[in-house]
Amino acid sequence: MSHAIRKIGLLTSGGDAPGMNAAIRAVVLTAAAQGIEVLGFKHGFNGIFNSEIQPLSRPEVLHIIQHGGTVLKSARCKQLQEVGGPEKAATILNHLGIDALIVIGGDGSFRGCQAIAKFYQGQIVGIPGTIDNDVDGTDFTIGFATAVDTALDALDKIRDTADAFERIFLVEVMGRHTGYLALAAGIASGAEQIICPEYGPVDVIDLQNDIRQMQQQYGNGSYIVVIAETMYPAGATALAAELTAATGTECRACVLGHMQRGGSPVGSDRILATKLGAFAVEQLLLGNAHLMMAGELSGLARLFPLSLTGDKKKQPDGYLLDWQQRLLQDSHQI
Ligand code: F6P
């Protein structure tokens, strides 16, 4: 049974992620096929407050699937956090006659959705888009797979120069408070160490000992540590200086930073984005999706309550976490 939806609002919010454009395209094409109008808000939720509205139909989403970033622009929104902000946003949406709002972003953006929902007459649905992959209710977020490949490309290049100079490298990856990116990029690059929140705080003495042990057993060579941002308060460069002094081997830091957010989305991100964008619109039409996120679990598109997306119950693959730790212990003891 089709729910009376004539106009959908759409925005991208928070850290942009490769594949957001693919999700925008899927929403617009699925809506257009049902004769539904889509109004894009620019710069995240700010576009609602500032009336930055861009009507989106088939021509506007032509050939955007391959582009990183987001044609709607993204931002975090202070106004939404102010007293009266959510109510004001809801009032504007109601006045514009928007029957449903779709927000592509992470769990922070979904908290904004829940605040607005208290005053809004329409349905709100989320689509998970962040390179961090730290959203409960979906196995993967849009952008994560591309960010892993981007980090990996950099790590493989760093390995060449690290090997040539027999240096230690600390490569800092993003991921805010979780280690999805660090673990995936570290495993796939064959890094000697991975430092991420799931393994606990950095033990600099342990790290120094491990490097020395590796050098004694295998001679000098490259040694790459993938370190998640926020794991060493003074920063990766300070840790590199400490390790150089302690081990007598040159250690360099390389912070990959925002380059991990850019670039053309890999195939799996485009496909995930297309699936979730289409699913979000179809579930809205069925009236099922209010305050839900359209995610993917075990390969199937699924709805998950927005209120639970920030619970941080999802964890990086436990098997890989254990395996990596055992591997390091074994290989360093040979
Ligand atoms: O949430 C995505 C993310 O790229 C995090 O990995 C990172 O901690 C944060 O955003 C950086 O935010 P900003 O672009 O505001 O510096």
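Residues numbered from 1 in each chain as written. Predicted model: local features only at pLDDT ≥ 70, side-chain atom pairs only at ≥ 80, totals over all residues. Heavy atoms only, no water.

Peer 1: How would you sum up the domain arrangement of the protein chain? Please name residues and give values.
Peer 2: Here the domain parsing of the protein chain yields domain 1 (7-143 + 265-308) and domain 2 (146-261). The interface of domain 1 with domain 2 comprises 13 residues on the first partner and eleven residues on the second. In total, domain 1 and domain 2 occlude about 1000 Å² of area from one another, counting both sides; carbon and sulfur atoms represent 49% of this. Along the contact surface separating domain 1 from domain 2 lie two salt bridges. The salt bridge involving Asp-16 is made with Arg-261; its shortest N-O contact spans 3.2 Å. At the junction of domain 1 and domain 2, the tally comes to five residue pairs in polar contact (both at pLDDT 80 or more). (Domains from an automatic or database assignment. Contact = heavy atoms within 4.5 Å. Buried area = accessible area lost by both parts, 1.4 Å probe. Salt bridge = Lys/Arg side-chain N within 4 Å of Asp/Glu carboxyl O. Polar contact = N/O pair within 3.5 Å; in protein donor to acceptor, adjacent residues only side chain to side chain.)

Peer 1: Account for the environment of Leu-291, naming residues and giving values.
Peer 2: Within the secondary structure, Leu-291 sits in the loop between helix 9 (267-285) and strand 10 (292-297). Leu-291 sits 167 residues away from Ile-124 along the chain, and the two C-alpha atoms are 5.2 Å apart. Discounting chain neighbours no more than four positions away, the residues touching Leu-291 are Cys-113, Gln-114, Ala-117, Ile-124, Phe-304, Pro-305 and Leu-306. (Helix = DSSP H or I, 4+ residues; strand = E, 2+ residues; numbered from the N terminus.)

Peer 1: Any details on helix 7 (residues 204-218)? Residues and values, ideally.
Peer 2: With 15 residues, helix 7 extends 21 Å from end C-alpha to end C-alpha; this agrees with the ideal 21 Å at 1.5 Å per step. Taken residue by residue, helix 7 has Val-204, Leu-207, Gln-208, Asp-210, Ile-211, Met-214 and Gln-215 as its buried positions. Summarising the axial view, the buried residues of helix 7 lie within an arc of 160°, below the 170-degree limit, and thus occupy one face. Facing away from the buried side of helix 7 by more than 90 degrees, the exposed set consists of Ile-205 and Gln-216. Backbone nitrogen of Ile-205 and a side-chain oxygen of the N-cap are separated by 3.2 Å at the start of helix 7; the cap is Asp-203. Remark: Gly-219 follows helix 7 within two positions and exhibits a positive phi of approximately 80°. (Expected span 1.5 Å × (residues − 1). Buried < 20%, exposed > 50% of the residue type's maximum accessible area, 1.4 Å probe, protein only. Arc of directions from axis to C-beta.)

Peer 1: Outline the site of the ligand, supporting the account with residue identities and numerical values.
Peer 2: Taken together, Arg-76, Thr-130, Asp-132, Met-174, Gly-175, Arg-176, Glu-229, His-258 and Arg-261 are the residues near the ligand. At 2.6 Å from an oxygen atom of the ligand is found a side-chain nitrogen or oxygen belonging to Arg-76. Between the ligand and the protein, one listed contact pairs an oxygen atom with a side-chain N or O atom of Arg-261 at 2.8 Å. Within the complex, 75% of the 400 Å² of free accessible area of the ligand lies under protein. Structurally, the ligand is housed in the largest pocket. The residue makeup of the shell around the ligand, split by class, is one nonpolar, three polar and five charged. (Near = heavy atom within 4 Å. Areas by Shrake-Rupley, 256 points an atom, 1.4 Å probe, with all protein chains shown as cover. 1 Å grid on protein atoms, 1.4 Å probe; cavity = no way out; pocket = protein on both sides within 12 Å on 5 of 7 lines; lining within 4 Å. Sits in = over half its atoms within 2 Å of the grid points. Nonpolar A, V, L, I, M, F, W, Y, C, P; charged D, E, K, R; others polar.)

Peer 1: Residue-level account of the nonpolar core, with values.
Peer 2: Judged by nonpolar contacts, the single largest core of 76 residues is most densely connected at Ile-8, Leu-10, Ile-24 and Ile-102. Shared between two domains, this core holds at least three residues of each, these being domain 1 (7-143 + 265-308) and domain 2 (146-261). Sequence-distant contacts of Leu-10, defined by excluding residues within four places in its chain, comprise Ile-24, Val-27, Val-28, Val-38, Leu-39, Gly-40, Phe-41, Leu-56, Leu-72, Leu-101, Ile-102 and Ile-104. Leu-11, Phe-110, Ala-117 and Leu-306 belong to the second-largest nonpolar core, a separate cluster that totals 24 residues. (Core = buried A, V, L, I, M, F, W, Y, C linked by side-chain atoms within 4.5 Å.)

Peer 1: Outline the sheet that holds strand 5 (residues 123-128), supporting the account with residue identities and numerical values.
Peer 2: Across the sheet, which stays open at both edges, the seven strands sit in the order 3-2-1-4-5-10-11 with mixed pairing between neighbours. Taken across any chain shown, the strands that pair with only one partner, and hence form the sheet edges, are strand 3 (53-56) and strand 11 (300-305). Between one strand and the next, the sheet's axes are offset by a mean angle of 30°, whatever the strand orientation. Sheet analysis places strand 10 next to strand 11, joined by six bridges and oriented antiparallel. Each bridged residue has a counterpart across the sheet, and for Leu-297 the counterpart in strand 11 is Leu-300. Running over the sheet, helix 4 (residues 107-117) touches strand 4 (100-105), strand 5 and strand 10 and is turned about 180° from strand 5. (Pairing = 2+ DSSP bridges. Axes fitted to C-alpha atoms, helices over the stretch in contact; angles between N-to-C directions.)

Peer 1: Which residues make up the layout of surface pockets, and what values go with them?
Peer 2: By volume, the largest pocket amounts to about 720 Å³. Together, 33 residues line the largest pocket, and Gly-14, Arg-76, Gly-108, Ser-109 and Arg-176 are the ones closest to its centre. For the lining of the largest pocket, the element with the highest residue contribution is helix 4, accounting for six residues. The residue inventory of the lining of the largest pocket, partitioned by class, reads eight nonpolar, 15 polar and ten charged. (Points joined across faces, edges and corners; volume = space filled by probe spheres on them.)

Peer 1: Outline the packing of helix 1 (residues 20-33) against helix 9, supporting the account with residue identities and numerical values.
Peer 2: Taken N-terminus to C-terminus, the directions of helix 1 and helix 9 make an angle of 35°; their axes are 7 Å apart at the nearest point. For the element pair helix 1 and helix 9, the recorded crossing hand is right-handed. Seen from helix 1, the contacting residues are Ala-22, Ala-23, Ala-26, Val-27, Thr-30 and Ala-31; seen from helix 9, they are Arg-270, Ala-273, Thr-274, Gly-277, Ala-278, Val-281 and Glu-282. Class assignment for the residues of the contact of helix 1 with helix 9 results in eight nonpolar, three polar and two charged. (Left-handed = near helix turned anticlockwise from the far one by under 90°.)

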